[in-house]
Amino acid sequence: MKFKLMFLALSLVSFSGVASGFDLDRFLQGKQDKEKTTQPAPAQAPSTTTTQEGVATPPPAKQKIDAQQLGFALFGDYSLEEENRIGRQISGNLLGAVPLVRDDALQRYVNLVGNWVALQSGRADITWRFGVLDTDDINAFAAPGGYIFVTRGLYRLLDNEAELAGVLGHEIAHVARKHHLKVLKQSSLISALGQVAGSKAQNSDQLVQNLIGNGAEIMARGLDKNAEYEADRYGMVFAARAGYEPWGLPEVLQDMAALPAKDERTSLLYKTHPHPADRISELGKSVDGRLDAVHGKDLASRFYRIQ
Amino acid sequence: MRNTLIFAATLSLCVAAAPALAAPGTVLRNDKIYSQPSSSSAVAGSVPKGASVNILSKQGGWLRVTAGKTTGWMRLLSVRAGEGGLGGAGVGDVVGAATTRSDPSRVVAVAGLRGLNEEELKGAKFNAAELAQLDMWVVTVAQAKTFAGQASLVAVKVPALPEPKPAKASSSWESN
């Protein structure tokens, strides 16, 4: 109890604008160490093709970690393990709303393109997972820890591999730049305080769920528009670094801009993202002539087309 | 006017399948029209922000457009395709509503194709089986590199793009 009060007091201090984070983190580290269940470091380059990561990371339901551990970590940087656990919970919930397309060739193709683009992002510590969601909705999602989803509706708009690379690059940028984690961190103070007051959180799953809200609603809340603009810039750059022509993402934005405004398939997208016209305009200011000398491939012939 | 709307609606139908070809567009910032898809080619004209253009074709980062009597090439990111004019949602909504009224057949084209909604996402329950399925498709770094090599994709150095400077945005075209 005393501990919790101290936590509460410290939380209030960081609320009031004192640079939050590392001191508190370090202070708490000693108390957590004995309880901490150490996870194996995720493989940088998994040597097997299938469920290695699934084996390395037990399903969230079986993890028992002190309720406060995650809450405390909120004041510092999330560890890779926490990042992955948050992303896994969000993704599992999202998949509860919309399942994956059952097309092994498609999903494998998207993972190959995605991993190649992600290699240019500077986050080699992550095991990236890509999935095409079985819905007509035109959208794409990213969750912390390297979980990336593209809807079948968006995939159908694509004409070549460079466009896919650009779309995946945008989502990879959200993960690489930790956009969702920054949002969670801002709301986590309130959440953590609530938990201390209620003393209800029983395990880390509950904590993660409390953090992200109901189901996958975090995906309907969206990010700050500047995070979207930044992801557009990095998305183009990641695709270009991967050897694709850089114009894939802008071309997809043009496709979306040309859709009827009342198309139901884009209603969630427009709720959570600036309008494509604004995104094109913002990109234009940054890009100008900077990519004129970059000539990549579009690989239309290799692009996997779905029915 | 009515004809224009129907024409435009038909165009946007085509646009959905083969985007940015012979489609209406709006200029997003003051920019030049070049005679070739290159900023070192001769300048054929200038267009102001908000001007309407007709998009004829695309090539790399360039669009071939007609603006008034001038035909030439503009930067892909200086133009938006579609009906919505300059702006984001506000302008688009108005035009969207108008074209929906003028062409009921277009509504049929997208009816039945539902989007995701907030309630579905909010009510979603954790699905461990789907997550396990996702894990089945994970590929290794080595596999991704082999896949890239098969298409002769080579990693290249491209510097990060700067954040735009809003205050100076309108003057950048003049210095070109």
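In the block above lies the structure referred to throughout.
Here is a short report on the structure shown in this document. Since the model is a prediction, treat every value here as computed from it, not as a measurement. (Residues numbered from 1 in each chain as written. Chains lettered and ligands numbered in written order. Predicted model: local features only at pLDDT ≥ 70, side-chain atom pairs only at ≥ 80, totals over all residues. Heavy atoms only, no water.)

### Overview of the overall build of chain B
Rule in force here: Note on conventions: DSSP H or I runs of at least 4 residues are helices, E runs of at least 2 residues are strands, and numbering of each starts at the N terminus. Partly exposed residues are those whose accessible area sits between 20% and 50% of the maximum for their type, while under 20% is buried and over 50% is exposed, using a 1.4 Å probe and protein chains only. Contact between two residues is taken to exist if any of their heavy atoms lie within 4.5 Å; hydrogens are not considered. All accessibility values rest on the Shrake-Rupley procedure with a 1.4 Å probe; residue burial counts only the protein chains present in the view.
Looking only at helices and strands, one finds six helices and seven strands in chain B. Reading the secondary structure of chain B in the N-to-C direction produces α-β-β-β-β-β-β-β-α-α-α-α-α. By residue count, 40% of the 176 residues in chain B fall in the buried class. Across chain B, contacts joining residues at least 24 apart in sequence account for 54% of those joining residues at least 6 apart. A total of about 8800 Å² of accessible surface is found on chain B, and carbon and sulfur atoms cover 59% of it.

### Section: the interface of chain A and chain B
Put simply, the test is: Put simply, buried area is how much 1.4 Å-probe accessible surface two parts lose in total, over both of them, once they are put together. Here a salt bridge means any side-chain nitrogen of Lys or Arg lying within 4 Å of a carboxyl oxygen belonging to Asp or Glu. Here a polar contact is taken to be a pair of N or O atoms separated by no more than 3.5 Å, where protein atoms must pair a possible hydrogen donor with a possible acceptor and residues adjacent in sequence count only if both atoms sit in side chains. The residue classification treats Ala, Val, Leu, Ile, Met, Phe, Trp, Tyr, Cys and Pro as nonpolar and Asp, Glu, Lys and Arg as charged. All others, Gly included, are polar.
Taken residue by residue, the interface counts 101 residues in chain A and 74 residues in chain B. Roughly 7600 Å² is buried in total at the junction of chain A and chain B, and carbon and sulfur atoms are behind 65% of that figure. In this assembly, chain A and chain B are joined by seven salt bridges. Joining chain A to chain B, the criterion identifies 23 residue pairs in polar contact (both at pLDDT 80 or more). When residues of the side of chain A that touches chain B are assigned to their parent elements, the largest contribution, ten residues, is made by helix α15 (residues 276–287) of chain A. Split into classes, the residues belonging to the side of chain A that touches chain B amount to 44 nonpolar, 28 polar and 29 charged.

### Focus on the side chain of Asn84 of chain A
Residues and elements named next belong to chain A. Residue placement: Asn84 occurs in helix α5 (residues 80–97). What makes Asn84 buried here is its relative accessible area of 12%. Only 3.3 Å separates the side chain of Asn84 from the side chain of Tyr147, close enough to count as a polar contact.

### A word on the pattern of salt bridges
Side chains that carry opposite charge are capable of pairing whenever their charged atoms lie near each other. Summed over the entire model, instances satisfying the criterion amount to 18 salt bridges over all chains. Among the ionic pairs, Asp135 of chain B bridges to Arg129 of chain A, the shortest N-O distance being 2.5 Å. Within this pair, whereas Asp135 of chain B is found in helix α5 (residues 128–136), its partner Arg129 of chain A is found in strand β1 (residues 129–133), the two belonging to separate chains. Here Asp135 of chain B matches Arg129 of chain A in class, with each residue buried. The salt bridge partner of Lys285 of chain A is Glu282 of chain A, with a shortest N-O separation of 2.8 Å. Of this pair, Lys285 of chain A and Glu282 of chain A both sit in helix α15, separated by three residues, roughly a single helical turn. Here the salt bridges do not stand alone but share partners, grouping Glu83, Arg123 and Asp125 of chain A into one network.

### Looking at the packing of helix α8 (residues 161–176) of chain A against helix α13 (residues 248–257) of chain A
Residues and elements named next belong to chain A. Definition in use: Between N-to-C directions, angles span 0 to 180 degrees; the directions come from axes that are lines fitted to C-alpha atoms, helices contributing only their stretch in contact. Roughly parallel here means an angle under 35 degrees, roughly antiparallel means over 145, roughly perpendicular means 65 to 115, and every remaining angle is called oblique.
With their axes 7 Å apart at the nearest point, α8 and α13 run at an angle of 90° to one another. The orientation of α8 with respect to α13, classified from their angle, is roughly perpendicular. Across the interface between the two elements, Ala162, Glu163, Gly166, Val167 and His170 from α8 touch Gly248, Leu249, Glu251, Val252 and Asp255 from α13. Residues that form the contact of α8 with α13 fall into these classes: four nonpolar, three polar and three charged.

### A look at α5 of chain A
The criterion, for reference: Given a helix with a known number of residues, its expected span is that number minus one, times 1.5 Å.
Helix length check: α5 of chain A (18 residues) gives 26 Å between terminal C-alpha atoms against 26 Å at 1.5 Å per residue, within 8%. Most of α5 of chain A is tucked away, with 15 of its 18 residues classed as buried.

### Comments concerning the sheet that holds strand β2 (residues 140–143) of chain A
Residue and element names in this part refer to chain A. The cut-off we apply is this: Two strands pair if DSSP finds at least two bridges between them.
Here we have three strands laid out as an open sheet, ordered β1-β3-β2, and mixed in their pairing. Edge positions in the sheet fall to β1 and β2, since each of these pairs with one other strand and no more. Adjacent strand axes in the sheet meet at a mean angle of 15° when their direction is disregarded. In this fold α5 packs onto β1, β2 and β3 (147–151), with an angle of close to 25° to the strand it touches most, β3.

### A closer look at the side chain of Ser286 of chain A
Take Ser286 of chain A: it is sitting in helix α15. The buried category is assigned to Ser286 of chain A, whose relative accessible area is 0%. Setting aside its immediate chain neighbours within four residues, Ser286 of chain A contacts Arg233 of chain A together with Leu161, Pro162, Glu163 and Pro164 of chain B.

### Thoughts on the packing of aromatic side chains
Describing an aromatic ring pair means giving the distance of the ring centres and the angle of the ring planes. The test is simple: Ring geometry is summarised as follows: Phe, Tyr and Trp rings, the Trp one being its six-membered ring, pair when their centres sit within 6.5 Å, and such pairs are stacked at plane angles under 30 degrees, edge-to-face over 60 and tilted between the two.
Tallied over the full model, the rule gives seven aromatic pairs over all chains. Residues Trp128 of chain A and Phe130 of chain A carry aromatic rings whose centres are separated by 6.4 Å and whose planes lie at 20° to one another, so their mutual orientation is stacked. Here Trp128 of chain A falls in the buried class, since its relative accessible area comes to 3%. Taken together, the ring pairs in this structure connect Tyr109, Tyr155, Phe303 and Tyr304 of chain A together with Phe147 of chain B into an aromatic cluster.

### Quick word on the environment of His170 of chain A
Residues and elements named next belong to chain A. Position of His170 relative to the elements: it lies in helix α8. A residue is classified by how much of its surface remains accessible, and His170, at 3% relative accessible area, is buried. Linking His170 and Gly235, residues 65 residues apart in sequence, is a C-alpha distance of 3.9 Å.

### A word on the pairing of strand β4 (residues 52–59) of chain B
Residues and elements named next belong to chain B. In the sheet, strand β1 (residues 23–27) pairs with β4 via four bridges, with the strands oriented antiparallel. When the sheet's bridge partners are listed, Pro24 is paired in β4 with Asn54. Pairing geometry for β4 and strand β5 (residues 62–67), over five bridges, is antiparallel. Among the inter-strand pairings, Gln59 is bridged to a residue of β5, identified as Trp62. Once β4 ends, the chain turns through two residues before running back antiparallel as β5, passing Gly60 with a positive phi of about 55°.

### What about the environment of Val132 of chain A?
Residues and elements named next belong to chain A. Following the sequence through the fold, Val132 ends up in strand β1. For Val132 and Leu154, which are 22 residues apart along the polypeptide, the C-alpha to C-alpha distance reads 9.3 Å. In contact with Val132, other than residues within four places in its own chain, are Pro99, Leu100, Val101, Leu106, Gln107, Val110, Val150, Thr151 and Arg152.

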